[in-house]
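# Tertiary structure, described
Take a look at the letters that make up each chain.
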Amino acid sequence: MIRLRFAPSPTGFVHVGNARTALFNYLHARRKQGALILRIEDTDVERSKREYEENLIHDMKWLGIEWDEGPDKGGQFAPYRQSERLEIYKKYADQLIDFGNAYYCFCSAEDLQKEKENAPDKDSAAGYSGKCRNLDIQESKKRIANGEEAAIRLKIPRDKTIEFFDLVREKVTFDSNLLSDPVILRSSGMPAYNYSVVIDDFLMQVTMVIRGEDHISNTARQLVLYDALSFERPQFGHLSMVMGEDNTKLSKRHGSTSLIQFREEGYLPEALFNYLALLGWSPGGNTDVILTRDKLIELFNIKKVSKSPAIFDYQKLKWMNREHIRRLDDNQLGERILPFLEKEQFQVKLNSESIQWIGKAARVLSNYNYLLSEIARDFVQFTTLDISTESLEHLHSSESAIKVLSLLREELTKTTAPVPFSFILEVTKKIQELYGIKGKELYHPIRLALTGKESGIELKDFIPLIETGALLEIQPAVLPMIPRLHKFFGN
Ligand code: GLU
C-alpha cells in the first residue's frame, strides 16, 4: 500500500501553498487507495504553537482534506508530533556517530558566526567549514562526558553526485561538494528538519514524499541520510511554488493567503479545493473545470503535475466560487450563508422556510457577487430601502412616474401578502391601458421606487423575495412593497 504524508510546521496560519501540497498528497493517496499521514513538525520550539496546530487541523478539515493517521487520530506509528519523538532521533543519531557517518561539533554560535564573516565567499550558502569533522570520536565523547555541549553533524561525502528521480521534475542531480555538513541534532536534543524528516518518513513507512520545490536542495541532504542509515528511499515529487500574478511568491501583497482568510471572506471549501487541485495540474481533455472532490480524486494523476510555477488567479477562484454556490440547493446555500448573515447582525428564527428563503435570496444575489460575505452584505437591500433624495426628487418631478406609483399603491392595498410577481404584470398592463404609459417610462419608476437603484437585481426576483421574506421572522425585518412605496409618498 502506498503511504503519503503531509508534514506541516505549526508556526502560523495555513498558507494556500501548503494547503495545495496537502491536497495533492490527499488526492494521490485517495486515488491510489493509500494512506495519508498528518505529521506535526514542531521542533522549532520558539515558533511552533499548539494553537497553530489546532487551527491547522480545523482548517484542513474545513477544506475537505482527511487523513488516516495523525496526532488527533493516533495510528500504528504514533506519536505523530515530532516533539514527542526526541528519543527516537537520539537513538539514530548515536547510530550515525557509531558508524562514522556523523560527528560531534563543538562550535558555538559565535564561532560559526565568525567563520561566516571570515569566509572567502560571504554570500555562499555553504555555511560550515567542517572544522570538527575530523575530531577524534573518543576525544569528543570524553569532552561530552565532561559536560561540554555539542551538536551532531552529518558527514556529507565528498566528490559525489547525488541523484534522484523526481515525479515532477524528473532527473535531479546535486554535487555533494556544494553541501556543507548539516547539523542533524542540536545540543539541546532537538533535531533539525532534514534529519527528523528522514527518520520519520522511514519509520512511518512513507512511500512517497510530495512537497514544495523549496525543499529540493534539502532532499539532497536527506538522501545522504537515507544512504547512511541504509534506509530505503521513498519516491519524491516536488511541486512548483505558488506565485502571484507578478511572478513573485504568493504573499499578503497579492491578497488573501491563509485558509482562514479565504473562509472568512466566504469562499466555499469545495470551490477552494477545486481551485487548488487545478493549480499546476489539469485533468486534460475537455473536462469541465468545476469538479467535485470525488471527481478530482478519480481524475488526479501526480505524473501530470506541471513543473512551471503555478500562478494564483484570484479572479478565477472567485468565478469558481460562484459556480460552486450555484450548484448548491436552496437549503444548502441557506445553511452556508447563515453565519455570514449573523456577522451582518441578522437574526433569523431558524426553520426550513426561512433557510429556504435565505438560500433563494442568496442565489439571486450571487448574480452580482462572488463571495458569501459579499452576498450577506447585500441582504441589506431586502430590509432597507436606500433611495437618494435625488432619485426621489427625480420621481416626483415626473408626472407619469407619479401616476404609475399611485396606481401601484392603490392596487396593492387591495391585495393580501405575499403579493406574487404576476400582480405587477397585471398592474402594469392596467397602467398601460389606462394612461398609455409603457416601456422604460413604466418600469423605471417602479424599480427605482422599490429598490432605490437604477439597475441591479431584477424585479421578477426581487418582488417575490421581499413579499415572502416579510412574513418570516427575520430581524431586521424584510421590507415588502407597501412600506417601500410609503417612502416615495412620504408617509
Ligand atoms: N515541515 C516542513 C515544512 O512545513 C515539511 C517539509 C516536508 O514535507 O518534508 O516545510
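Preceding this section is the structure that the text describes.
Okay, so let's go over this structure. (Residues numbered from 1 in each chain as written. Predicted model: local features only at pLDDT ≥ 70, side-chain atom pairs only at ≥ 80, totals over all residues. Heavy atoms only, no water.)

A few words on the sheet that holds strand E4 (residues 151–154). Ordered by their spatial adjacency, three strands build an open sheet running E3-E4-E7, and the pairing between neighbours is antiparallel. Bordering the open sheet on either side are strand E3 (102–105) and strand E7 (183–185), each of which pairs with just one other strand. Between one strand and the next, the sheet's axes are offset by a mean angle of 45°, whatever the strand orientation. As judged from the two bridges shared by E4 and E7, these two strands associate in the antiparallel manner. Within E7, the residue paired with Ile-152 across the bridge is Leu-185. Relative to the sheet, helix H3 (residues 86–98) contacts E3, E4 and E7, its axis offset from that of E3 by approximately 105°. (Pairing = 2+ DSSP bridges. Helix = DSSP H or I, 4+ residues; strand = E, 2+ residues; numbered from the N terminus. Axes fitted to C-alpha atoms, helices over the stretch in contact; angles between N-to-C directions. Contact = heavy atoms within 4.5 Å.)

If a probe as big as a water molecule is rolled over the atoms, it shows which places are left empty. One pass over the full model with this rule turns up one cavity of 30 Å³ or more. The computed volume of the largest cavity comes to approximately 40 Å³. Every residue lining the largest cavity is listed: Leu-341, Phe-346, Val-348, Trp-357, Ile-358, Phe-379, Phe-382, Thr-383, Ile-474 and Val-478. Looking at the lining of the largest cavity, the elements that each hand over two or more residues are helix H13 (352–365) and helix H15 (380–383). (1 Å grid on protein atoms, 1.4 Å probe; cavity = no way out; pocket = protein on both sides within 12 Å on 5 of 7 lines; lining within 4 Å. Points joined across faces, edges and corners; volume = space filled by probe spheres on them.)

Turning our eyes to something else, we now look at the side chain of Arg-484. Within the secondary structure, Arg-484 is located in helix H21 (residues 481–489). Although Arg-484 lies buried, it forms no salt bridge, and the closest oppositely charged side chain, Glu-467, sits 7.4 Å away as judged by the N-O distance. A distance of 2.8 Å separates a polar atom in the side chain of Arg-484 from the backbone oxygen of Leu-450. Once residues lying within four places of it in the same chain are set aside, the contact partners of Arg-484 are Gln-381, Phe-382, Thr-383, Thr-384, Leu-385, Ala-449, Leu-450, Phe-462, Ile-466 and Leu-479. (Buried < 20%, exposed > 50% of the residue type's maximum accessible area, 1.4 Å probe, protein only. Lys, Arg positive; Asp, Glu negative; His and termini not counted. Salt bridge = Lys/Arg side-chain N within 4 Å of Asp/Glu carboxyl O. Polar contact = N/O pair within 3.5 Å; in protein donor to acceptor, adjacent residues only side chain to side chain.)

Moving on to the pattern of salt bridges. Considering all chains together, one arrives at 38 salt bridges under this definition. Here Arg-263 makes a salt bridge to Asp-59, at a shortest N to O gap of 2.5 Å. Linking Arg-263 in helix H8 (residues 259–265) with Asp-59 in helix H2 (residues 50–63), this pair joins segments that are 204 residues apart in sequence. Each member of the pair, Arg-263 together with Asp-59, is buried. A salt bridge links Glu-66 to Arg-293, with the nearest nitrogen and oxygen atoms 3.6 Å apart.

The ligand sits among Arg-5, Ala-7, Pro-8, Ser-9, Glu-41, Tyr-193, Val-197, Arg-211 and His-215. Within the side chain of Arg-5, one N or O atom sits 2.7 Å away from an oxygen atom of the ligand. Contact distances for the ligand include 2.7 Å between a nitrogen atom and a side-chain N or O atom of Glu-41. Relative to its unbound accessible surface of 300 Å², the ligand loses 82% to contact with the protein. (Near = heavy atom within 4 Å. Areas by Shrake-Rupley, 256 points an atom, 1.4 Å probe, with all protein chains shown as cover.)

What follows concerns H13. The first and last C-alpha atoms of H13 sit 20 Å apart over 14 residues, in line with the 20 Å expected at 1.5 Å per residue. Regarding H13, the residues found buried are Ser-354, Ile-355, Trp-357, Ile-358, Gly-359, Ala-361, Ala-362, Val-364 and Leu-365. Those residues of H13 that are buried lie in contact with helix H12 (330–343), strand E12 (347–348), helix H14 (372–378), H15, helix H20 (459–469) and strand E13 (474–475). (Expected span 1.5 Å × (residues − 1).)

Turn by turn, an α-helix covers 3.6 residues, leaving residues three or four places apart pointing in a common direction. Between its terminal C-alpha atoms helix H1 (residues 16–31) stretches 22 Å, which fits the 22 Å expected from 16 residues at 1.5 Å a residue. Counting buried positions along H1 yields 13 of 16 residues, so the element is predominantly enclosed. Taken from the residues just after H1, Gln-33 is the one with a positive phi, measuring 50°.

Counting across every chain of the model gives 21 aromatic pairs. Between the aromatic rings of Trp-357 and Phe-382, the centroid separation amounts to 5.6 Å while the plane-to-plane angle is 70°, which identifies the pairing as edge-to-face. With a gap of 25 residues between them, Trp-357 in helix H13 and Phe-382 in helix H15 connect regions that are remote in the sequence. Assigned by exposure class, Trp-357 and Phe-382 land together as buried. (Phe/Tyr/Trp six-rings, centres within 6.5 Å; stacked < 30°, edge-to-face > 60°.)

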